[in-house]
Amino acid sequence: MLLNTKPNSNFDPLLKHVTHTFNQVICSGAAVFVIQNDSVVLEEYIGEQSNKPDARDMQPDTQFHVASVRKSYIGFAVAYAVHIGCINSIDDLAISYLPELNENVWKDTTIKHLLTHTHGLSEKEGAVYREYEAGEKWTYRQVGVSALTQIVKRTTGQTISKIVHGQVFTPLGFSESDWYAEKNEKLVDVILRSEHDSSWRTSKSTEGDKMNMYVSARELALWEYLHLKEGRVNGEQIIPKEVIQLATSLQSPAALDLDSPQNGFLWFVKDLPAKETEIGERVPRGSYQILGYTGVTLLVIPEENIVAVRMFNSFGSPEGYDYLQDIRSFGDTVMRCLGKVRN
């Protein structure tokens, strides 16, 4: 993608916000990248890739562990599978694509429920069980994402990684976005809250189904930019716009509590005001965002023709750090930089 670089001091408060978060969480480095009106207006790198004495400085080709931000790529693959007809409808039952699932547990659970975190399922010691009825409540659980990756592979004959590489990474020349089985010098170390944090898991799978995806700040911003432009960049329609529109439009069940987070294809979507939303109050309707446990955030605001990325190599929230307040204020700070919110 060919973008101009036009640094804009109006975004200094956003850099200050990211630096403040860097000093609050447990990490060794951070990055922030903003594209507005087809130009890069802010690009900064802070600190080092690890806590080691000979650590590499954070730089443009540094790749961060994106944690749950990987779900934006899974959502894309599901939308692609729908678009090409491999998945008939997201209102179809998950079990109709994965008949080996326990019918008593998975009954009434649609693909839409999996995409919007309203499937009502959880997992303990490898066994899936039902917490509440499908569509009744929003709860963030990994079991739905695992089922989605299986459905994509079963219906298309391709892994998440193969679809994303074929449709996006290869056509756009991305070389700093991938699922890695082994570490290399450009990949950050994730700084854990404690040496033996049981929440941290690694994987050697390169199929796009596990949490071992690393992406540079600039390519994550360009991934957002591709969505902002509905698949059209440099005058060429790289991705059918219907795929992007489907992935980023509101899909949450109408009967869901209006104060619950609202989702598209795993993206958080700003629609009606909701107390539990992770998107800033000042961010306009129609915007969408996705987050990772490593502090990574992608925010797309179509109304303002802007995308913003922040990245850290932290893991989880240390004592005294209010994650929700911080992530909401990140979006609100973007709006303040645009002059849409008074100081």
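Above: the structure in question.
Definitions and limits used
Residues numbered from 1 in each chain as written. Predicted model: local features only at pLDDT ≥ 70, side-chain atom pairs only at ≥ 80, totals over all residues. Heavy atoms only, no water. 1 Å grid on protein atoms, 1.4 Å probe; cavity = no way out; pocket = protein on both sides within 12 Å on 5 of 7 lines; lining within 4 Å. Points joined across faces, edges and corners; volume = space filled by probe spheres on them. Helix = DSSP H or I, 4+ residues; strand = E, 2+ residues; numbered from the N terminus. Nonpolar A, V, L, I, M, F, W, Y, C, P; charged D, E, K, R; others polar. Axes fitted to C-alpha atoms, helices over the stretch in contact; angles between N-to-C directions. Parallel < 35°, antiparallel > 145°, perpendicular 65-115°, else oblique. Left-handed = near helix turned anticlockwise from the far one by under 90°. Contact = heavy atoms within 4.5 Å. Salt bridge = Lys/Arg side-chain N within 4 Å of Asp/Glu carboxyl O. Buried < 20%, exposed > 50% of the residue type's maximum accessible area, 1.4 Å probe, protein only. Polar contact = N/O pair within 3.5 Å; in protein donor to acceptor, adjacent residues only side chain to side chain.

Trainee: Lay out the layout of surface pockets with the relevant residues and their values.
Mentor: The calculated volume of the largest pocket comes to roughly 1,100 Å³. Around the largest pocket, the lining is made up of 36 residues, and of these Ser68, Tyr140, Gln142, Arg201 and Met211 lie nearest the centre. Elements represented by at least two residues in the lining of the largest pocket include exactly strand 5 (121-124) and helix 5 (143-156). Of the residues that constitute the lining of the largest pocket, the class distribution is 14 nonpolar, 14 polar and 8 charged. Of the pockets and cavities examined, the second largest pocket occupies roughly 250 Å³. Around the second largest pocket sit 16 residues that line it, and Glu182, Lys183, Trp200, Thr202 and Tyr214 are the ones nearest its centre. Considered class by class, the residues forming the lining of the second largest pocket number 8 nonpolar, 4 polar and 4 charged.

Trainee: Describe in detail the packing of helix 1 (residues 12-24) against helix 9 (residues 323-337), supporting the description with residues and values.
Mentor: Think of two packed helices as two axes; the pair is described by the angle between the axes and how far apart they sit. Between helix 1 and helix 9, the least distance of the axes is 9 Å, while the angle of their chain directions is 160 degrees. The orientation of helix 1 relative to helix 9 falls into the category roughly antiparallel. Like other packed secondary-structure pairs, helix 1 and helix 9 cross with a definite hand, here right-handed. Residue-level contacts link Pro13, Leu14, His17, Val18, Thr21 and Gln24 of helix 1 to Asp326, Ser329, Phe330, Thr333, Val334, Arg336 and Cys337 of helix 9. Looking at the contact of helix 1 with helix 9 residue by residue, the class counts come to 6 nonpolar, 5 polar and 2 charged.

Trainee: Explain the pattern of salt bridges to me, using residue names and the numbers behind them.
Mentor: Evaluation of the coordinates by the stated rule reveals 15 salt bridges. The residue Asp91 makes a salt bridge to Lys112 at a minimum N-O spacing of 3.4 Å. Taken as a pair, Asp91 in the loop between helix 2 (71-83) and helix 3 (103-106) and Lys112 in helix 4 (residues 111-115) lie far apart in primary sequence, 21 residues in all. Overall, the relative accessible area of 47% leaves Asp91 in the partly exposed class. Judged by its relative accessible area of 21%, Lys112 is partly exposed. In this structure, Arg218 and Glu176 form a salt bridge, with 2.5 Å as the shortest nitrogen-oxygen distance. With Arg218 in helix 7 (residues 217-228) and Glu176 in the loop between helix 6 (160-172) and strand 7 (177-179), this residue pair connects regions lying 42 residues apart in the sequence. The class of Glu176 is buried, set by a relative accessible area of 9%.

Trainee: Lay out the side chain of Ser72 with the relevant residues and their values.
Mentor: With respect to the helices and strands, the residue Ser72 is situated in helix 2. Owing to a relative accessible area of 0%, Ser72 belongs among the buried residues under this scheme. At a separation of 3.0 Å, a polar atom in the side chain of Ser72 contacts the side chain of Trp223. Every residue in contact with Ser72, bar those within four places of it in the chain, is listed here: Trp223, Trp267 and Ile290.

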